[in-house]
Amino acid sequence: MKHVIALDVGGTGMKAALVGADGTLLHEARRATGRERGPDAVVESILSFAADLRAHGEEHLGESAVAAGVAVPGIVDAENGIAVYAANLGWHDVPLRDQLGERLGKVPVALGHDVRTGGLAEGRIGAGKGADRFLFVPLGTGIAGAIGIAGTIEAGAHGYAGEIGHIVVRPDGPDCGCGQRGCLETLASASAVSRAWAAASGDPAADAADCAKAVESGDPAAVRVWQDAVDALAAGLVTALTLLDPRMLIIGGGLAEAGETLFVPLRAAVEERVTFQKLPHIVPAALGDTAGCLGAGLLAWDLLSTEVSA
C-alpha cells in the first residue's frame with residue numbers, strides 16, 4: 001500500500017506514523033529523542049526511527065514509503081531542508097532533509113517547522129477545515145503561530161512568519177529569551193502560567209493545569225493569575241487579528257486543555273478590545289498532540305504532488 005513516513009520531533013520525544021494517500025494512519029509509534037546524549041545523538045535517533053518505519057512499511061504494507069515529512073522545533077529553512085537552530089535540541093544548521101533522504105534510500109523529504117506543520121493539519125483536516133483564513137496558536141512551553149491561507153501556511157520571506165509569542169504586550173514585563181521584554185510567551189504560555197501560579201500558591205511543583213483547577217474551584221489567587229494571562233493573550237491576539245484579519249483563531253496546546261475555563265474569558269477579553277476589527281471565531285484545536293505528525297504526512301504528500309506537477 002502506498003504511504004509516506006511522518007515524523008514530529010519534540011524536545012524530548014518523537015511521534016511518528018505511516019500515512020496513506022487518503023490520510024489514513026496505517027501505523028503509529030513513539031520514541032524518545034535521546035537529547036540527554038547530545039545533538040548528534042538526536043539526529044541519529046531520528047534517522048534510526050525513520051529507517052525502522054521504512055522497514056515496517058516494507059514488511060507490513062508491501063512496499064517502502066514513497067516520501068517522508070518531518071516537523072522540527074526552532075528555526076527551520078524548509079526550502080533548503082536545514083534545521084537552522086533549536087535550543088532544546090542543541091542544533092545548529094543540521095542538513096536534516098539530506099540526511100533523512102540518504103538513510104531512506106533517496107526518497108524525497110519535506111522539512112517543516114513544528115507549529116506551522118501542526119497548523120497545516122488543523123487547517124486542512126482539523127478545527128480550521130473549510131476556513132479560508134485562520135491563525136493557529138498553540139499555548140505550550142512557548143507560543144508561536146501558523147498563518148493559514150487557502151489551505152497553505154504562510155512561512156514568510158525568511159521563514160519566521162507567525163512568531164506571535166514575540167509580540168510585546170507589556171513593555172515593562174519579564175525579560176524574554178529573544179532579547180525583548182514583555183513578550184506574549186513570557187506572560188501567557190503554559191510555562192508562564194505555571195511559574196506565576198507556583199509563586200502565588202507557594203507550591204513550586206504547581207503548574208498551569210493546577211491553576212486551571214483552582215480557577216474552577218473559585219480560588220481568588222488563581223483567578224488573578226489566570227485572568228492576567230488571558231488579558232495578555234487577548235492583547236497579543238488582537239494585534240495579530242488587526243494585521244491578518246483571520247476568519248478563525250484556533251487555540252491549542254496545554255492551556256487549551258482547560259476548555260471553557262480558558263475560552264469563555266478569552267473570547268470576552270478579545271471582544272472587549274476590538275474596535276473596527278471583525279471578530280473571528282475563537283475555537284479549540286481539534287487534533288491535539290497528533291497535529292504535528294499529521295501535518296508532516298501532509299507535507300510529504302504535498303511534496304510528491306509538487307514533483308509530479310513539475
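Residues numbered from 1 in each chain as written. Predicted model: local features only at pLDDT ≥ 70, side-chain atom pairs only at ≥ 80, totals over all residues. Heavy atoms only, no water.

Description of the overall build of the protein
Keep this limit in mind: Under the scheme used here, helices are H or I runs from DSSP no shorter than 4 residues and strands are E runs no shorter than 2 residues, and both carry numbers assigned from the N terminus. Two things to know: the radius of gyration comes from C-alpha atoms, and the globule rule equals 2.2 Å times the number of residues to the power 0.38. What makes two residues a contact is simply this: any of their non-hydrogen atoms within 4.5 Å. With residues, only the protein chains shown are counted as cover, and all accessible areas are computed by Shrake-Rupley using a 1.4 Å probe.
Scanning the protein from N- to C-terminus turns up 9 helices and 13 strands. Computed over its C-alpha atoms, the radius of gyration of the protein comes to 20 Å, within 12% of the 19 Å expected for a compact globule of 310 residues. Overall size of the protein, expressed as C-alpha extent along the three principal axes, is 60 × 45 × 35 Å. Taking the intrachain contacts of the protein between residues at least 6 apart in sequence as the baseline, contacts between residues at least 24 apart amount to 60%. Taken as a whole, the protein presents about 14,000 Å² of accessible surface, with 52% of it coming from carbon and sulfur.

Focus: the layout of surface pockets
This is how the line gets drawn: Here the term cavity refers to a set of points on a 1 Å grid, laid over the protein atoms alone, in which a 1.4 Å probe fits but cannot get out; the term pocket refers to an open set having protein on both sides within 12 Å along at least five of seven lines, with lining residues being those that place an atom within 4 Å of a point. Grid points are joined across faces, edges and corners, and a volume is the space filled by probe spheres set on the points.
Within this model, the second largest pocket holds a volume of roughly 660 Å³. Counting only elements with at least two residues in the lining of the second largest pocket, the list comes to strand 5 (75–77), strand 8 (109–113), helix 3 (114–125), strand 11 (152–154) and helix 9 (291–309). In terms of residues, the lining of the second largest pocket owes the most to one element, strand 8, which gives 5 residues.

Some remarks on the packing of helix 1 (residues 39–60) against helix 2 (residues 96–103)
What counts here: For helices, the fitted axis covers only the stretch in contact; all axes are lines through C-alpha atoms, and the angles between them, taken along N-to-C directions, range from 0 to 180 degrees. Handedness of a crossing follows from how the near helix is turned relative to the far one, being left-handed for an anticlockwise turn of less than a right angle and right-handed for a clockwise one. For this classification, the nonpolar set comprises Ala, Val, Leu, Ile, Met, Phe, Trp, Tyr, Cys and Pro, the charged set comprises Asp, Glu, Lys and Arg, and every other residue, Gly included, is treated as polar.
Following both chains from N to C, one finds helix 1 and helix 2 inclined at 40°, their axes separated by 9 Å at the closest point. For the pair helix 1 and helix 2, the sense of crossing is right-handed. For the pair helix 1 and helix 2, contact is made by Val43, Glu44, Ile46, Leu47, Ser48, Ala50 and Ala51 and by Leu96, Gln99, Leu100 and Arg103, respectively. Per-class residue counts for the contact of helix 1 with helix 2 are 7 nonpolar, 2 polar and 2 charged.

A look at the pattern of salt bridges
For the record, the criterion: Any carboxyl oxygen of Asp or Glu within 4 Å of a side-chain nitrogen of Lys or Arg constitutes a salt bridge here. To sort residues, take the accessible area from a 1.4 Å probe on protein chains only and compare it with the maximum for the residue type: under 20% means buried, over 50% means exposed, and anything in between is partly exposed.
Under the defined criterion, the tally for this structure stands at 12 salt bridges. A salt bridge links Asp289 to Arg30; the nearest nitrogen and oxygen atoms lie 3.3 Å apart. Placement of Asp289 in the loop between strand 13 (281–284) and helix 9 and of Arg30 in strand 3 (residues 25–32) is noted, with a sequence separation of 259 residues between them. Overall, the relative accessible area of 56% leaves Arg30 in the exposed class. Across the pair Glu260 and Arg267 runs a salt bridge, and its minimum N-O distance is 3.3 Å.

What to know about empty space enclosed by the protein
In this structure the tally under the stated criterion is 1 cavity of 30 Å³ or more. If you go around the largest cavity, the residues you meet are Leu139, Ala188, Val193, Trp226, Ala229, Val230, Leu233, Leu255 and Leu262. Residues that form the lining of the largest cavity fall into these classes: 9 nonpolar, no polar and no charged.

Let's talk about the sheet that holds strand 1 (residues 3–9)
Where we set the bar: Here a strand pair is declared whenever DSSP counts at least two bridges between the two strands.
Ordered by their spatial adjacency, 5 strands build an open sheet running 3-2-1-4-8, and the pairing between neighbours is mixed. Of all strands in the sheet, those with a lone pairing partner are strand 3 and strand 8, marking the two edges. The sheet shows a mean angle of 15° between the axes of neighbouring strands, taken without regard to direction. Alignment of strand 2 (residues 13–20) against strand 3, held across 7 bridges, turns out to be antiparallel. Within strand 3, the position partnered with Gly13 by the bridge is Ala32.

A word on the sheet that holds strand 7 (residues 91–94)
Across the sheet, 3 strands lie side by side as 5-6-7; this open sheet has antiparallel pairing. Whereas interior strands pair on both sides, the edge strands pair on one side only; in this sheet they are strand 5 and strand 7. Direction aside, the axes of adjacent strands within the sheet are offset by 15° on average. In terms of strand pairing, strand 6 (residues 82–86) meets strand 7 through 3 bridges, oriented antiparallel. Along strand 7, the bridge assignment pairs Ala83 with Val94.

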